[in-house]
Amino acid sequence: MRRELFQQAYFVRSIDEAARNWADAFGAGPFCMVRHHDCEEFTYRGQAVEADVSYAFGYLGNQMIQFIEQHDDTPSIYMDMFEQGEEGFHHVAYLVSDFAAERQWWLDRGYELATELYADEVNAAYFDTRSLNGVFTEIHGDPPHIMGLFAHWKRLHDARTDATPPTYEIEDLHFYQRAPLIPKG
């Protein structure tokens, strides 16, 4: 199986600043801001410990770019790599259909399951692969509803112009608005 990376993620001091900077410098985005994300289930190194984290998701070409900002000092995969005030490249990610089998594939190779979560009807797991690639590796489920969301973000990027704002809030995301049929007359 090829494990094609679809995302690169950066730990930053401010997701707002990072999104503006990448939009300006590279034409990335627009970035969808997901503030203080809360998971239905979450573990960090086997413990039910979830940090207060916000995310920004956008595209640059065909690659999804994610920015992560942690608002507290709770132990996390981000604090495993970075001290307070530091920023940097944190993880790569790829999509999987058989999440349990793929999780086991990494475990069988001896990589530690650093974080596992279930949110928005999707499984995700982060393996500590720093000895392999210098960063963490995320496996992310690919159910149709999440693939539709990713496709929407990509479509917004493809339609981006210089007038497009660099960010928008997840609450403002609209996929489709029905139009009534025109009566025959």
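Refer to the preceding data block for the structure.
Below is a summary of the structure that appears in this document. The shown structure was predicted, so the numbers you read here are calculated from the model rather than taken from an experiment.

Reading guide: rules and limits
Residues numbered from 1 in each chain as written. Predicted model: local features only at pLDDT ≥ 70, side-chain atom pairs only at ≥ 80, totals over all residues. Heavy atoms only, no water. Pairing = 2+ DSSP bridges. Helix = DSSP H or I, 4+ residues; strand = E, 2+ residues; numbered from the N terminus. Axes fitted to C-alpha atoms, helices over the stretch in contact; angles between N-to-C directions. Contact = heavy atoms within 4.5 Å. Buried < 20%, exposed > 50% of the residue type's maximum accessible area, 1.4 Å probe, protein only. Salt bridge = Lys/Arg side-chain N within 4 Å of Asp/Glu carboxyl O.

## Here we look at the sheet that holds strand β3 (residues 41–44)
Here comes step 1: The mixed open sheet is built from 10 strands, whose spatial order is β3-β7-β8-β9-β6-β1-β5-β4-β2-β10. Here the strands that pair on one side only, and so sit at the sheet edges, are β3 and β10 (167–169). Each neighbouring strand pair of the sheet contributes to a mean axis angle of 25°, computed without reference to strand direction.
Here comes step 2: Alignment of strand β2 (residues 31–37) against strand β4 (residues 53–60), held across four bridges, turns out to be antiparallel. In the sheet register, Val34 faces β4, and the bridge partner there is Tyr55.
Here comes step 3: With respect to the sheet, helix α1 (residues 15–26) is in contact with β1 (5–11), β2, β4, β5 (63–70) and β10, its orientation differing from that of β5 by roughly 150°.

## A word on the pairing of β1
Here comes step 1: In terms of residue burial, β1 counts as a mostly covered element, since five of its seven residues are buried.
Here comes step 2: For β1 and strand β6 (residues 88–96), the ladder comprises six bridges, and the chain directions are antiparallel. Within the sheet, the bridge partner assigned to Ala9 lies in β6 and is His91.
Here comes step 3: The pairing of β1 with β5 spans five bridges and is classified as parallel. Residue pairing for β5: Tyr10 is matched across the bridge by Phe67.

## Some thoughts on the pattern of salt bridges
In a structure, side chains of opposite charge can pair up when their charged atoms sit close to one another.
Here comes step 1: Applying the stated rule across the entire model yields 11 salt bridges.
Here comes step 2: Here Arg130 ties to Asp128 by a salt bridge, and the two come within 2.7 Å at their closest N and O atoms.
Here comes step 3: Residue classification places Asp128 among the buried residues on the basis of a relative accessible area of 15%.
Here comes step 4: Put simply, Lys154 and Asp158 hold a salt bridge, and the shortest N to O gap is 2.6 Å. Of this pair, Lys154 and Asp158 are both found in helix α4 (residues 144–158), four residues apart, which corresponds to roughly one turn of the helix.

## Topic: the pairing of β6
Here comes step 1: Taking burial as the measure, the nine residues of β6 include seven buried ones, the bulk of the element.
Here comes step 2: The sheet contact formed by β6 and strand β9 (residues 136–141) spans six bridges and is parallel. By the bridge assignment, Val96 is partnered in β9 with Gly141.

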